[in-house]
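Analysis of the macromolecular model
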Amino acid sequence: SSRLVELLSFYEVTCQWHEAMLANESGVHESEYFADDECAQVEAAPSSSKDILLVQTSVSMVSSNQDSLSTSTYDSLEDETQVNIKPVPSRIAFKENKISSLDWSRTILQSVGCVRQALWKYCEQSLIHLVESFSSDSMDLGLQSGQGVDSATSSLHLTYDVFQQFAAFSKYFNGSNADETLCDTLKNNLWKLYRTHLRSVHIEAMKSTGSLLRQESWQLSPINICRTANATDSKNDQEVGALYEAVKELLLTASPRDLKSGCTFNVTTRSHQRGYKYCISFATFLQNISDSSEDQGDEVGDANNYVGACSAEFCSALSPLIERSPCGELTLTLLSTSSADGLLKWVAHLLAIGNDVPLVSADATKAIMAVFDLYFLTVLRICASSRTNEDVLIGLGRGSSVQSLSSSLMSVTMEADACAPLPSEVEGVATLQRFIQHSRRRLDRMVNLDKFQTTDQLSIGSPVNQHKTNALRLEKESAAAFSCLITAIVVDITSNLCNTEDIDKSNDEEDEETLISYAQEVISMAPVFVKQSCHLSAVRSLSGKELIFKIVCCGKAWTDNNFKEYSNDYVDDLCERASLLWGHIASRGRLPPPAQRLMWDHLVRSSFMLLLEGFSKVSTCSTEGRSLMSMDLATLSSGLVPDSVKERLDDSFPNVCVPPSQSRREDSMRYVDTWIKVFFFPEEDAMNWIKQNRDQYHLDHSISLIVAKIPPKGKQIIALKKKAVMDVYNGEQVEFL
């Protein structure tokens, strides 16, 4: 490319030389065609290089009569000594040519100008042929891992520099004939070459990351955070800002290339030392390019530039997981092996491709989003075990059939139903729902998550092994969910490192999602994603489906008119199960202490939600049966008190610490107890209560409050009552009779 530019430059200088001669012949004041700053040292001489050039031109093209005479005389004398000249026949007459040297200059200038377009086209075809020959030998350019990918990307970066150099000079060279489509043919060939490399790297990234996720043990590693704050300073924004810098360092070290450098205009030294630097307009262009490159280098990273660091909700989700040692060291133990060895490396490679060859920046953005989508959707499938559970978890509808006349119809998603977002939480889950749906579309025909091996396939065996298996599953699923917070930070940092100003948008759709908008969506949905995933993992580890069946199968106990002295056995089983889960988690220590405390909070909340889910499945209940529900609730609350849990674990886990004492237990008990007591309200008061609290309870829970008082034979009455409750949830005015 440098030689081709030199050829075009030599042609341009030749044209300017003839223009200078034409100006001299016509007597017009000559405009400056050459850069004065490049000839500063020459101008200090007695005569400038430009004057010398003009003098030489004048001497060579316009000679005086005396010079012509002396020259002809000298030539004739020399010829006479060597050759006998024959006399000219008398019949031959010579006619004097009246063409002046000015006309000759114009003719030469026009002749040289006619080949301008053909010369440029020849140079372009030479580059196209070079690219095509290079493309045929580089189909597996990005299939290598490690340094091979970076080496290939560096080579392609140089080819893009060549294209920029040629395209920039082409616009100057063609002048008024230049348009936006001047180098489209060459550009299209380069795009095919770059896209081949990007596609190979993308496929390898998906395969490698998917394999790591499939074999992941979910043993989280710590991230050491720089001590940017004093030991007494616990501001969340400073801790999160320091965490961002630590994760950014991990991403930058994953690839030896400078991810922020992007593609700067790089005129090779050989070409820069040749003729076109003397062309004023192009020299100005080079100066502007160098100035813009210096401005890009002056950019300094700031934590306020990150979406997550400015999000109060995201910082609130991260801060409780940061550990602070007595000496003030900050640590966050949420880095998974698949993130450290796969996700960070391949995202760095794809980001380098997008920054170094902007022709495929939009494609590189899609590839980066696909890798992140694979991670998030895989973690969601690990925690939910099926797509139907995922749909319930993200607010696409509970599995319970409220349209049926019987509210006790069991659902295959009953565990996920206990975690479904409440009507008041729908807006908060909307971003998560939208993100999951978009991610599924992006990975459609690319990944089949139904073939993913979930943790449900672990062997169970005896009841003791079942508790241990459930604890192992809870550890893995919760670790996977918490690791998504680090992944969200990586997304945020990646969007900040992406050179969005260099993206070629000529072939992009107007509604194309950018990496910045993707990062905003990820940061917004990440806290809800982790919360919902951990909640469902806790419900499944408590064997929620089995517990709900036990509650429903009590049968006669709910319709009996006699008061019971003791609570049902399933309550003790639930307390025992929750205690053993805490014992296994706390004794193994695979989860960091902050994550252990949060998971105990989810276990407590899930226990109460499962109790409510089971109570709402009871089709008919007497007053005494409702009192038994209150007794079961009180027994569960007392069984989950930290001291009671510690007492249950004295034999199995004597060295385990007491679970944290939190207010979630009292809040959850109050939530379920209020629902139980509404049963004792008169029908009109119960309906008014449903109107006031319809955003706090699910539809089938409210329906159960009304229809549970009606005998099973009154199907028509049940249908009317159910329709009235549904109308309330739909916002219609209802006269309850």
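Our subject is the structure listed above.
Just so we're clear, the structure is a prediction, and the values are computed from it rather than from any experiment.

**Side note on the pattern of salt bridges**
Throughout the structure, instances matching the rule amount to 25 salt bridges. Of the charged contacts in the structure, one is a salt bridge between Asp-727 and Lys-723, with a shortest N-O distance of 3.2 Å. Pair noted here: Asp-727 and Lys-723 are both in helix 29 (residues 715-729), with a separation of four residues, about one helical turn. Judged by relative accessible area, which is 14%, Asp-727 ranks as buried.

**Quick word on the sheet that holds strand 1 (residues 221-225)**
Sheet architecture is open: three strands sit in the order 1-3-2, paired in antiparallel fashion. Unpaired on one side and paired on the other, strand 1 and strand 2 (323-324) mark the two borders of the sheet. Two strands pair when backbone bridges link them, and strand 2 and strand 3 (residues 330-335) are joined in this way by two bridges, in the antiparallel orientation. Of the residues in strand 3, the one forming a bridge with Arg-324 is Leu-330.

**Description of helix 28 (residues 699-707)**
In terms of burial, helix 28 is largely enclosed, as nine of its nine residues are buried. Along helix 28, the positions that sit buried rather than exposed are Leu-699, Asp-700, His-701, Ser-702, Ile-703, Ser-704, Leu-705, Ile-706 and Val-707. Elements in contact with the buried residues of helix 28: helix 23 (593-616), helix 24 (623-639), helix 26 (664-677), helix 27 (683-692) and helix 29.

**Describing the side chain of Gln-532**
Positionally, Gln-532 belongs in helix 19 (residues 515-541). For Gln-532, a relative accessible area of 5% corresponds to the buried category. In this structure the side chain of Gln-532 is engaged in a polar contact, spanning 3.1 Å, whose partner is the backbone oxygen of Cys-419. Excluding residues that lie within four positions of it along the chain, Gln-532 makes contacts with Leu-393, Cys-419, Pro-421 and Leu-432.

**Some points on the packing of helix 27 against helix 29**
The relative placement of two packed helices comes down to the angle between their axes together with the axis-to-axis distance. Their axes nearest at 9 Å, the elements helix 27 and helix 29 cross at an angle of 30°. The pairing of helix 27 with helix 29 is recorded here as roughly parallel in orientation. The two elements helix 27 and helix 29 cross, and the hand of that crossing is right-handed. Contact residues: helix 27 offers Glu-683, Met-687, Ile-690 and Lys-691, while helix 29 offers Lys-721, Ala-724, Val-725, Val-728 and Tyr-729. Considered class by class, the residues forming the contact of helix 27 with helix 29 number six nonpolar, no polar and three charged.

Quick notes on the rules
- Residues numbered from 1 in each chain as written.
- Predicted model: local features only at pLDDT ≥ 70, side-chain atom pairs only at ≥ 80, totals over all residues.
- Heavy atoms only, no water.
- Salt bridge = Lys/Arg side-chain N within 4 Å of Asp/Glu carboxyl O.
- Helix = DSSP H or I, 4+ residues; strand = E, 2+ residues; numbered from the N terminus.
- Buried < 20%, exposed > 50% of the residue type's maximum accessible area, 1.4 Å probe, protein only.
- Pairing = 2+ DSSP bridges.
- Contact = heavy atoms within 4.5 Å.
- Polar contact = N/O pair within 3.5 Å; in protein donor to acceptor, adjacent residues only side chain to side chain.
- Axes fitted to C-alpha atoms, helices over the stretch in contact; angles between N-to-C directions.
- Parallel < 35°, antiparallel > 145°, perpendicular 65-115°, else oblique.
- Left-handed = near helix turned anticlockwise from the far one by under 90°.
- Nonpolar A, V, L, I, M, F, W, Y, C, P; charged D, E, K, R; others polar.

Bear in mind that shape data such as this cannot, by itself, settle questions of function.
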